[in-house]
Amino acid sequence: MWAVVGVWELSAEMHDEWRAQVPLMASSKVGTPGFVHGTWTQDGHATQVFDNEDDARRYHAKMRDEGWLERPGLRNVVWDVAEVGAESQAG
């Protein structure tokens, strides 16, 4: 599996908007090709797991190319693709 990892710095003004958008960001990824699992934090971190490298890299490039990484009050610090080395589940 492959993960797209993102970290953003949020301005004070952007914090409430980000928090309000987290549920939409999460639910909108469900139909994305290859998407397996995602986690979005309230303070600007995201990890989105894909079942193959091509879909992960395609999603990574699309978000960058469409300008979703940088907006007023939102500065991207990390936007990368990495191979997942391990997985665990409780229960």
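Residues numbered from 1 in each chain as written. Predicted model: local features only at pLDDT ≥ 70, side-chain atom pairs only at ≥ 80, totals over all residues. Heavy atoms only, no water.

*Asks:* Would you mind showing me how to read the packing of aromatic side chains here?
*Replies:* Two numbers describe a pair of aromatic rings. These are the distance of the centres and the angle of the planes. Throughout the structure, instances matching the rule amount to five aromatic pairs. Between Trp-8 and Trp-18, the aromatic rings sit 5.4 Å apart at their centres with planes inclined by 45°, giving tilted as the arrangement. Of the two residues, Trp-8 sits in strand E1 (residues 2-10) while Trp-18 sits in helix H1 (residues 12-27), which places them 10 residues apart along the sequence. We note that Trp-8, like Trp-18, is buried. Pairing Trp-8 with Trp-79 gives two aromatic rings, centres 5.7 Å apart and planes at 50°, and the pair type is tilted. Placement of the pair is Trp-8 in strand E1 and Trp-79 in strand E4 (residues 74-83), with a sequence separation of 71 residues. Residues Trp-8 and Trp-79 agree in their burial class; the two are buried. Connected via pairs of aromatic rings, a cluster forms that spans Trp-8, Trp-18, Phe-35, Phe-50, Tyr-59 and Trp-79. (Phe/Tyr/Trp six-rings, centres within 6.5 Å; stacked < 30°, edge-to-face > 60°. Helix = DSSP H or I, 4+ residues; strand = E, 2+ residues; numbered from the N terminus. Buried < 20%, exposed > 50% of the residue type's maximum accessible area, 1.4 Å probe, protein only.)

*Asks:* For this particular structure, what's the right way to read the pairing of E1?
*Replies:* Side-chain positions along a regular strand alternate between the two faces of the sheet. Inspection of the sheet shows E1 paired to strand E3 (residues 45-50) by six bridges, in the antiparallel sense. Each bridged residue has a counterpart across the sheet, and for Ala-3 the counterpart in E3 is Val-49. Examined bridge by bridge, E1 and E4 share nine bridges and lie antiparallel to one another. Within the sheet, the bridge partner assigned to Glu-9 lies in E4 and is Arg-75. (Pairing = 2+ DSSP bridges.)

*Asks:* When you look at the side chain of Asp-55 in this model, what are you seeing that I'm missing?
*Replies:* Here Asp-55 lies in helix H2 (residues 53-65). Among the polar contacts made by the side chain of Asp-55, one reaches the side chain of Arg-58 at a distance of 2.8 Å. Among all residues touching Asp-55, those that are not within four sequence positions of it are Pro-33, Gly-34 and Phe-50. (Polar contact = N/O pair within 3.5 Å; in protein donor to acceptor, adjacent residues only side chain to side chain. Contact = heavy atoms within 4.5 Å.)

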